[in-house]
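Here is how the chains run, residue by residue.
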Amino acid sequence: MSSQLIFFMLAALSILSALFVVFSKNPIYNVLWLIVCFFSIAGHYVMLNAQFLAVVHIIVYAGAIMVLMLFTVMLLNLNKESEPHKSLMLKGASVITGGMMLLVLLAAMRSTELGAYAAPAVTDIGYVQKVGMKLFTDFLLPFEMTAVLFLGAMVGAVVLAKKEVN
Amino acid sequence: MEQQILQAHPQNWYLVLSTILFSIGVMGVLMRRNALIILMCIELMLNSVNLLLVSFSAYAGNTDGQVFVFFIMVVAAAEVAVGLALLVSIYRNIATTDIDVLSKLKW
Amino acid sequence: MENFLELTKLISPASLIPLFPLLGFLLTAFFGKTLKHAAGWLASAMILISFCLSTFLFINLPANADLSFTIFDWIKFGNVTLSFGFLIDHLSIIMLLVVTGIGFLIHLYSIGYMHNDEGFARFFSYLNLFIFFMLLLVLGNSYLVMFIGWEGVGLCSYLLIGFWFKNDAYNDAAKKAFIMNRIGDLGFLVAMFYMLFYFGGLDFETVNAGAQTLEVGNTLLVTITLLLFVGAMGKSAQIPLYTWLPDAMAGPTPVSALIHAATMVTAGIYMIARSNIIFAMAPLTLEVVMWVGVITSLFAAFIGMKQTDIKKVLAYSTVSQLGLMFVALGVGAFSSGMFHVVTHAFFKALLFLGAGSVIHAMGGEQDIRNMGGLAKYIKITFYTFLIATLAISGIFPFAGFFSKDEILAASFSEHKAVWVLASISSMITAFYMFRVMFLTFQNSFRGTEEQKHHLHESPWTMTVPLSILAIFSMVAGFWGMPAVMSSTHWFGTYLAPVFEGSKAYLGEGHHLDHGTEIMLMVIATVLALVSISIAYVMYVKNKTLPEADAETTGVAKWAANKFYVDEFYDKIIVRPITILSDVLFVLVDKLVIDLVVMAGAWLVGFTGRTIRLVQTGNTGFYVFAMVIGMMVLMFIQLVY
Amino acid sequence: MNTLIYTSVLGFFCMLAEIMNLRKLIIPVLVLGLAIIFGLNMNDWNLNQSYFNNMLKVDNFSVAFSGLAIFVTLLVFILSTDYYENQQNHISDYMTILTFILVGALMMFSFANLTMLFLGIETLSISLYVMAGSKRFDVRSNEAGFKYFLMGSFASCFLLFGIALIFGSTGSFDLAKIADYTIQNQQNISPMFYTGMVLIVFAMLFKVSAAPFHFWAPDVYEGSPALITAYMSTLVKIAAFGAFYKLMSVTFFYTSFKAELILNIAAILTLAVGNLMALAQTNFKRLLAYSGISHAGYMMLIILSAKNQPAGALFYYSLAYALSTIAAFAIAIPVFSAAKSEDIDTFNGLGKKNPVAAAAMSMAMLGLAGIPPFAGFLGKYYIFTEALHSNYFYTTLVAIFASMIGVYYYFKVIIAMYGKPANEANVELTFNFKLVLWVCLALSLAFGLYPAPILNIF
Amino acid sequence: MLSLTLLSIPLLASLLLLFSRGAMSRNLALVFTLVQLGFTIFAYTVFKAEGAGPFDYMQNWSAKPFINVHLSMDGMSLLMVMLTNVLLPLIVLSGYNRETNRMHVFYSLMLFMQFALNGVFMAFDGFIYYIFWELALIPIYFIAFNWGGENRAKVTLKFFIYTLAGSLLMLFGFLFLYNGSPANSLEWSSLVANPSCSCNQSWLFWLFFIAFAIKIPIVPFHTWQPDTYQSAPTQGTMLLSGIMLKMGTYSLIRWLLPIVPAGVQEWQPLVIALCVGGVVYASIIAIMQRDMKRLLAYSSIAHVGLISAGIFALNRSGIQGSLVQMVSHGLTVVGLFFCADIIFNRTKHEEIEGLGGVRLAAPKFAAWFLIIVLGSVALPLTSGFVGEFMLLFGVYQYNTWLSIFAGLTIILGAVYMLRMYQKVVLGKAIKENMVFPDLMWNEKIVLVSIGVMIFALGLFPNPIIELTEPILKTIIK
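Note that the structure is predicted; figures quoted are calculated from it, not measured.

## Things to note about the overall build of chain A
Here comes step 1: Regarding its fold elements, chain A presents six helices and zero strands.
Here comes step 2: Its helices and strands in sequence order give chain A the pattern α-α-α-α-α-α, from N to C terminus.
Here comes step 3: Against the 2.2 N^0.38 benchmark of 15 Å for 166 residues, chain A shows a C-alpha radius of gyration of 21 Å, more extended than a compact globule.
Here comes step 4: For chain A, the C-alpha atoms occupy an extent of roughly 60 × 45 × 30 Å along the three principal directions.
Here comes step 5: Burial status across chain A gives 46% buried among its 166 residues.

See the structure below:
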């Protein structure tokens, strides 16, 4: 039953870290907690035979996105002081709403019975070549289109951030 | 060994887990006023989705889910880039990331 | 057969009769400016022609034959056909003669009377138009055609009363006349609807035929006749719709003579006589007619006693005389009624023209208190006026005597009480007529100096008609000598075929034996003489003058003020309606209805303005709203 | 297929042009290119083919809507020449992004796989976030961009969650497969599927700015540069509705009844909110935003009755709506730039200053208000027939009342133009604006009078 | 096909006018309206000879939603078309010797209006009918708004939204019928042939009735009307009162009665009471009105109230009477408003109290004014009498007391009309040396022709009655 134990530990970790992300005051801590959360999720990936994905996940999120965030935090030097004040009512309301959200979603899906593991196990779905094959055969067009998306985003970022030359 | 792990706990757990994470993300978005944090919470939500997808793909033995996760990551990256750019340009103008300040446009 | 051919020969002249006045109207209306005073002669000529045509018909219409012909189909819908046609029978011929004859004389008179009025041509165009409509009224072979004339004459009286349109009081009088007539006309109209609905037509044959299928006293007939009588009340100025007639004296005097004495106001009597059958079949209505008639007659007579305006006196006497005529109709003596119409036409026209001539002489003065002793200045006028007065007072052998006597006799045989009242009223009539006579022509002149200098006899165009009418006022009576005096009652026999139909339903008007008849005559005459002598004593012997309005008191004051009927109407009808009008406009229209509409609009706008505030511009709030919205929707989805 | 690719290529061209200093060329080439692409697109008529293992499906629906999208973009680009006249140094970036927005829209019309839908929406949205905020030194523009960004990405999270759930229950992203799944086991469709569907519906409702997810629209429309607002209120809305309609009529064909109630409520809310809130507006762009919301409400009726495949109605209505809106903006933009303000008052006395423009504006407003003979009326008529045909009696009644209210605020503009005293700033329309303006109105009138080809296009 | 020509002449004319300038445009407008008039007369002869055949034009417009363009002609349509095309030249003519800015637009709108009106009267398909109905609204709105008097913006907007609200209800009714109808078509004949079930009819009735009642207007849907009449330019008011409200009454007969017969049967008592009540109500209000145009507006409400009452009496004389009265009212009301305009144009004064003595200065004008007034108070031998006689008889057949109540209009009508005439025309001149030139040539033409027509119809109403005979078959079962 070690596996379950692992699952629970990871789950607990991710939930806790997520909660910290939401609640902690200092932006820096937020970022760090989020990174923790991401690592825990990566752990889940590993358990779910998505090894390659797990790696990419670490690289992209922890490596790229969060660093970017961190940079921004530094750049705008956000800190506990600059953190806008939130009234208690707001907190309460959002907690309740979030909880409700959870309940409603679960209630909506309560009666789902998902088949347990479909044997025989295809344990290699997470391997690079598998993913690669998929990506460059079935999902070629979306893959190409992400290029457009990225370009758009890049140009956009430039448009917004570039110093005016005049 | 993966088999045991998978058989060990039913898929619903993942469903519940990611729903919880998702809701936490929502909660965060609702609660925080700092644009940057909100951005993070959104990332969190995205990740909960990723987790869900991965679990599905694992249980169904179907790679599509994982591939989709890639796209989500891509989009997330792009969004973050643009979002931060916007954030910076706003910060240039009004020197805050408090979204409550951003309410010139109303009624 | 050849009888029929003979009749058809009469069609064209008959249909020409109204055309000439119409032509005259058009000519004088459009070329009045160029015609100048020729207009007057032209107009009179036109009437003369129609008069000749009428006489032609009178001569050529074979005895107790009648001729009804359609000129064109006017309104046709479904199986209803309302055609425009004429009916020539003895009744209409009598009326034709009266209308055109007296009409012509009055035209002639007006040439002199209106000589230096800037509206000369216009006046004559109106007069011609009036004659045209009057002829339509008389000739029509259906209630609808009659109604055309009926309203047409109303219009003309409106135009002529308000002839001097600069004076707003006159305009008001004109409007009053028109509207009061309209009230009556509504009755007429509804009556027509009844007839059209139940008898399927409006021409007299159809209606009479339809009526005769019902039994006597049937509610339908009563309703119809009562409604018709409402119309008659309006036209012939009976209580309660009489108040317009005295005011109508605002018009030029010839108008009063022609319209408000001789012709138009008798239209009501004519109409009832015309529809004698259905009236005869509705005894209840006859009862009503009789009572209304007698009360009006008495009432008007009372008021007449206290009037000081010469024309007003005549006006009230007209009302009272009309009342008598209705009494005649009410007791079923249609021919007597018509007879009085004719004689009355003569002497009342004469009286008005005489009054006109007096006023003309006095330079517009109408108050008898400022007259007197005119006899020596304007002889012809005086004598003619005297004749007329005698006639109206019912002194033998003047016209009034015979006709009035007939009516009294008839009422005596039907209903003693009515006879008493009628006699009283005629007695009063004699009194106030001679009152006017004496005050105007006897004693010394009470007017101002320059009036005195101005006094002169009128031109021949005015005096000639006076004389002619005077002659008729004297002799007309002999057309209808009572049985005691002569075996032949020409007038009655001439009209007999017309009233044939109704005889059946009236029951034998139990004939009075000669004794009673003579007795009645004597009584009438005596009463008249008595009142005359009273008048003589009062106004000639000891020269009492009617005191100024201020001093009058008690009943006299009431009478002088016409029993305040006008004020009464003003209070209970006119004022409330005008107030209601404002109230409805301000309260209901502007306030309630418009407010409701506007409130709706405002509510929408308000909602918009309010919920718009939801758009706070706060992203956090938006997100909240979105999430909550989602949850609510999902929740609904779940429980639903 | 080709359409998509060539359009992307056009986008790349813009950037190259920047590098090679061919700025002057950019717009001419774009316009020309789009014209050609429009032709190519029409060439695909009646070839129903799917590409890349059914990632992309070209059918008449997608062709028609792509054509419309391209046409709209064409008009907007023609306007942009004068609009961006004095910011040449950014023009290539802007045009690139605008082109990519079109790419995204095209993907949303022709997707056959939720992946493509997702990517399409994101391409569209991310580029739009940028364009909305593209007036960098204008706080309002920033605000617009950022609000749009926050809420947009928040909404797409729900979209993704929905997609994930659907994938979980069906094991595929392919529309056809999903539809098959629903058909095969209609009895025991997993609740997860429904939840996913509902979440996707929410996301789409957000994109089409239907109440209660409409909050972003007015602020963003007001804050963004006028041209972008025009682009947003036409192309983006149409794209969203195209995708939405496709989802409801193809994928969720058998299960849509589960979302019916939600859609119904949303439709009524949208109609009410859009029209009522518009009443009290003073800012023209904001007014058009609300009017856009109300029009979304009308289009929701089509989504509701998606079962009867009323694609024709959707297309006709979108066309009518787009034409009138662009015409309105073609007048509004010069007026605004003349008056340095974006309020309705800027139109005061336009009837005296520039009767032609005023007349055109009135026509546009009448078109939006849905008054004959403009296409807008027939569009509404068609929609209402469809809605009644699928027994949405009361919703249609609400829509009728909504359009009563609608008249009022559209006429506010007309009254301003003819009834109010003129302000001094006088307005001249440049050739491009005139061109676009009259093309739009002419077409609107033409389709209003001779609608058969469009109405019965499918 | 003739119907197409009838439509195209004014349409083309209105387009053409946009490119003309100044007084030229007015002359052009006059010419075109006269051409249209001539063509209408020609059409009348054709109709007499060959019936509806040559006018029938049927063309499918769209397959889904199924829409047919169906133009045709029957007696009633022809009558209304003739009324329209007879009045238009007069209305244009009445604009001579008056200043109008941006004349070409003004007259172009007016001709467009003529186009739409002709369309309304010739449309035999619900959808097309609705389109024309709306089309007629737009030009008159702009006429009233751009050339109107004080607080025109508010008033005209009220008018527009009020009427549009009504017509949207009607649209909903049509949509419902469209869905219910077996062939999914709004073809008039098919709608008449198979009406929807009476359960629906009882509310469908109100959708249509309110739309028409607002247009007519029947009390209590009338509050837009006096304001609009007052503030609109006189020619606009003539269009509104002379022709446009006939759209409503016409539609009652053409669409409401045959399409929802059961509904009509159900609500007849209420509605007819409403109409008759409106007659008296409006008449009483008219009595004390201070502004001439307002007074005429209320009198017009009273008249059309009687017309609608006659229609809802659902009998031959009522309906045919209403048709006669529509024409007659069209003539008289246009004449009256023109007289009001003449007076205003001379004295710049609309308050009844402040006027008087016109008779002295302008006897001709006074005379023609009086004739038209008499026409409107339904004096025998005028067209008004024929109409009101038949109408009241129709109402009488439905209920005696109601008819007597409605008959009050002939009394009250006389009251307010004569009051106005007396105060305005008769009496002494209010201002000393008031300059009031008598009729100019164009005014003479207009008034004389109206007066002549009033009497002509009063003497020979049968042509109209025969013309409208056939329509009754569809209404009176």
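Don't stop here, the text continues.
## Section: the interface of chain B and chain D
Here comes step 1: Chain B puts 42 residues into the contact, and the matching count from chain D is 42 residues.
Here comes step 2: Together, the buried faces of chain B and chain D total about 3600 Å²; carbon and sulfur atoms form 81% of this surface.
Here comes step 3: The tally of links between chain B and chain D comes to zero salt bridges.
Here comes step 4: At the boundary of chain B and chain D, one finds six residue pairs in polar contact (both at pLDDT 80 or more).
Here comes step 5: Looking at the side of chain B that touches chain D, the elements with two or more residues in it are helix H2 (11–31), helix H3 (35–60) and helix H4 (64–94) of chain B.
Here comes step 6: Of the residues belonging to the side of chain B that touches chain D, the class tally is 28 nonpolar, nine polar and five charged.

## Observations concerning empty space enclosed by the protein
All names here are of chain C.
Here comes step 1: Scanning the entire structure with this criterion turns up 15 cavities of 30 Å³ or more.
Here comes step 2: Considering only enclosed or pocket space, the largest cavity measures out at about 110 Å³ in volume.
Here comes step 3: In terms of lining residues, the largest cavity is bounded by 13 residues, among which Ser393, Gly394, Lys404, Leu408 and Ala524 are the most central.
Here comes step 4: Secondary-structure elements contributing two or more residues to the lining of the largest cavity are helix H18 (399–414), helix H19 (416–441) and helix H23 (514–541).

## Some remarks on the packing of aromatic side chains
Here comes step 1: The full count for this structure, using the stated rule, is 144 aromatic pairs over all chains.
Here comes step 2: Measuring from ring centre to ring centre gives 6.1 Å for Phe61(D) and Phe458(D), while their planes differ by 35°; the resulting arrangement is tilted. Here Phe61(D) is found in helix H3 (residues 60–83), whereas its partner Phe458(D) is found in the segment after helix H19 (452–455), with 397 residues between them in sequence.
Here comes step 3: Take Phe61(D): its relative accessible area is 10%, and that puts it in the buried class.
Here comes step 4: Assessed through its relative accessible area of 41%, Phe458(D) is described here as partly exposed.
Here comes step 5: For the pair Phe205(E) and Trp206(E), a centre-to-centre distance of 5.3 Å together with 85° between the ring planes defines the contact as edge-to-face.
Here comes step 6: Across the ring face of Tyr194(D), the terminal group of Lys258(D) is positioned such that the distance to the ring centre comes to 5.1 Å.

## Some details on the environment of Pro218(D)
Here comes step 1: Within the element layout of this structure, Pro218(D) appears in helix H9 (residues 216–223).
Here comes step 2: Residue class for Pro218(D) comes out buried when judged on its relative accessible area of 0%.
Here comes step 3: For the pair Pro218(D) and Lys352(D), spaced 134 residues apart in sequence, the C-alpha separation works out to 30 Å.
Here comes step 4: Apart from the residues lying within four places of it in its own chain, the contact partners of Pro218(D) are Gln615(C), Arg286(D), Ala289(D), Tyr290(D) and Ile293(D).

## What about helix H8 (residues 191–207) of chain D?
Residues and elements named next belong to chain D.
Here comes step 1: In this model H8 runs 24 Å from its N-terminal to its C-terminal C-alpha over 17 residues, within 8% of the 24 Å that 1.5 Å per residue would give.
Here comes step 2: Most of H8 sits inside the fold, with 17 of its 17 residues counted as buried.
Here comes step 3: Phi turns positive one or two residues past the end of H8, at serine 209, with a value near 55°.

## Concerning the packing of helix H2 (residues 27–47) of chain A against H3(B)
The description of two packed helices rests on the angle between their axes and on the distance between the axes.
Here comes step 1: Relative to each other, H2(A) and H3(B) sit at 5°, their axes nearing to 11 Å. The pairing of H2(A) with H3(B) is recorded here as roughly parallel in orientation. Where H2(A) approaches H3(B), its residues Pro27(A), Asn30(A), Val31(A), Leu34(A), Cys37(A), Phe38(A), Ile41(A), His44(A) and Tyr45(A) are matched on the opposing element by Ile37(B), Met40(B), Glu43(B), Leu44(B), Asn47(B), Asn50(B), Leu51(B) and Val54(B).
Here comes step 2: In terms of residue class, the contact of H2(A) with H3(B) is built from 12 nonpolar, four polar and one charged.

## Thoughts on the interface of chain A and chain B
For an interface, size is often stated in terms of accessible area lost upon the parts coming together.
Here comes step 1: Counting residues at the interface gives 80 residues for chain A, matched by 71 residues for chain B.
Here comes step 2: Contact between chain A and chain B buries roughly 7100 Å² in total, counting both sides, with carbon and sulfur atoms accounting for 79%.
Here comes step 3: Summed over the shared surface of chain A and chain B, the result is one salt bridge.
Here comes step 4: Here Asp64(B) ties to Lys134(A) by a salt bridge, and the two come within 3.0 Å at their closest N and O atoms.
Here comes step 5: Taken together, the connections running from chain A to chain B amount to five residue pairs in polar contact (both at pLDDT 80 or more).
Here comes step 6: Elements that contribute at least two residues to the side of chain A that touches chain B include exactly helix H1 (2–23), H2, helix H3 (51–75), helix H4 (88–109), helix H5 (128–136) and helix H6 (140–161) of chain A.

## Focus: the nonpolar core
Here comes step 1: Formed by 748 residues in total, the largest nonpolar core has its most connected members in Leu205(D), Phe284(D), Phe347(D), Phe312(E), Phe365(E) and Phe369(E).
Here comes step 2: A total of 21 residues in this core trace back to one element, the largest contributor, which is helix H13 (residues 311–339) of chain D.
Here comes step 3: Per-domain counts for this core show at least three residues from each of domain 1 (293–564) and domain 2 (587–639) of chain C.
Here comes step 4: Here Phe347(D) is in contact with Phe284(D), Ile331(D), Ala332(D), Val335(D), Phe336(D), Met361(D), Val413(D), Ala416(D) and Met417(D), once residues within four sequence places are set aside.
Here comes step 5: Of all hydrophobic cores here, the second largest spans nine residues; its members include Val294(C), Val327(C), Ala328(C) and Val418(C).

## Quick notes on the packing of helix H10 (residues 226–251) of chain D against H13(D)
Residues and elements named next belong to chain D.
Here comes step 1: The geometry of H10 relative to H13 is characterised by a closest axis approach of 9 Å and an angle of 175° between their N-to-C directions. Here H13 runs roughly antiparallel to H10, going by the angle between their axes. Between H10 and H13, the residues in contact are Ala226, Leu227, Thr229, Ala230, Ser233, Thr234, Lys237, Ile238, Phe241 and Tyr245 and Ala311, Leu314, Ser318, Tyr321, Ala322, Thr325, Ile326, Phe329 and Ile333, respectively.
Here comes step 2: Across the contact of H10 with H13, the residue classes tally to 13 nonpolar, five polar and one charged.

## Notes on the arrangement of the chains
Here comes step 1: Most contacts, when the eight pairs of chains in contact are compared, are made between chains A and B.
Here comes step 2: Between chain A and chain E there is no contact, and the shortest C-alpha to C-alpha separation is 37 Å.
Here comes step 3: No part of chain B reaches chain E; the closest C-alpha pair between them is 25 Å apart.

## Points about the pairing of strand S2 (residues 67–71) of chain E
Residues and elements named next belong to chain E.
Here comes step 1: Counting buried positions along S2 yields five of five residues, so the element is predominantly enclosed.
Here comes step 2: Alternating positions in S2 separate into two faces, Ile67, Val69 and Leu71 on one and Asn68 and His70 on the other, with burial throughout.
Here comes step 3: Here five bridges tie strand S1 (residues 57–62) to S2, and the two strands are oriented antiparallel to one another. Within the sheet, the bridge partner assigned to methionine 58 lies in S2 and is histidine 70.
Here comes step 4: Two successive antiparallel strands, S1 and S2, enclose a turn made up of four residues.

## Concerning the confidence of the model for chain E
Here comes step 1: When pLDDT is averaged along chain E, the result is 90; 99% of the residues meet or exceed 70.
Here comes step 2: What the predictor reports for the complex is a pTM of 0.92 with an ipTM of 0.90.

## A closer look at a nonpolar patch on the surface
Residue and element names in this part refer to chain C.
Here comes step 1: Together, Ile579, Val583, Val586, Leu587, Leu591, Val592, Leu595 and Val596 make up a nonpolar patch on the protein surface, roughly 690 Å² of accessible area in all.
Here comes step 2: Its place among the elements puts leucine 591 in helix H25 (residues 565–611).
Here comes step 3: With a relative accessible area of 44%, leucine 591 lands in the partly exposed category.

Basis of the calculations
Residues numbered from 1 in each chain as written. Chains lettered and ligands numbered in written order. Predicted model: local features only at pLDDT ≥ 70, side-chain atom pairs only at ≥ 80, totals over all residues. Heavy atoms only, no water. Helix = DSSP H or I, 4+ residues; strand = E, 2+ residues; numbered from the N terminus. Rg over C-alpha atoms; globule rule 2.2 N^0.38 Å. Buried < 20%, exposed > 50% of the residue type's maximum accessible area, 1.4 Å probe, protein only. Contact = heavy atoms within 4.5 Å. Buried area = accessible area lost by both parts, 1.4 Å probe. Salt bridge = Lys/Arg side-chain N within 4 Å of Asp/Glu carboxyl O. Polar contact = N/O pair within 3.5 Å; in protein donor to acceptor, adjacent residues only side chain to side chain. Nonpolar A, V, L, I, M, F, W, Y, C, P; charged D, E, K, R; others polar. 1 Å grid on protein atoms, 1.4 Å probe; cavity = no way out; pocket = protein on both sides within 12 Å on 5 of 7 lines; lining within 4 Å. Points joined across faces, edges and corners; volume = space filled by probe spheres on them. Phe/Tyr/Trp six-rings, centres within 6.5 Å; stacked < 30°, edge-to-face > 60°. Lys NZ or Arg CZ within 6 Å of the ring centre and 35° of its normal. Expected span 1.5 Å × (residues − 1). Axes fitted to C-alpha atoms, helices over the stretch in contact; angles between N-to-C directions. Parallel < 35°, antiparallel > 145°, perpendicular 65-115°, else oblique. Core = buried A, V, L, I, M, F, W, Y, C linked by side-chain atoms within 4.5 Å. Domains from an automatic or database assignment. Pairing = 2+ DSSP bridges. pLDDT = per-residue confidence, 0-100. Patch = residues over 30% accessible without salt bridge, like charges linked within 9 Å, V, L, I, M, F, W, Y side chains within 5 Å. Areas by Shrake-Rupley, 256 points an atom, 1.4 Å probe, with all protein chains shown as cover.

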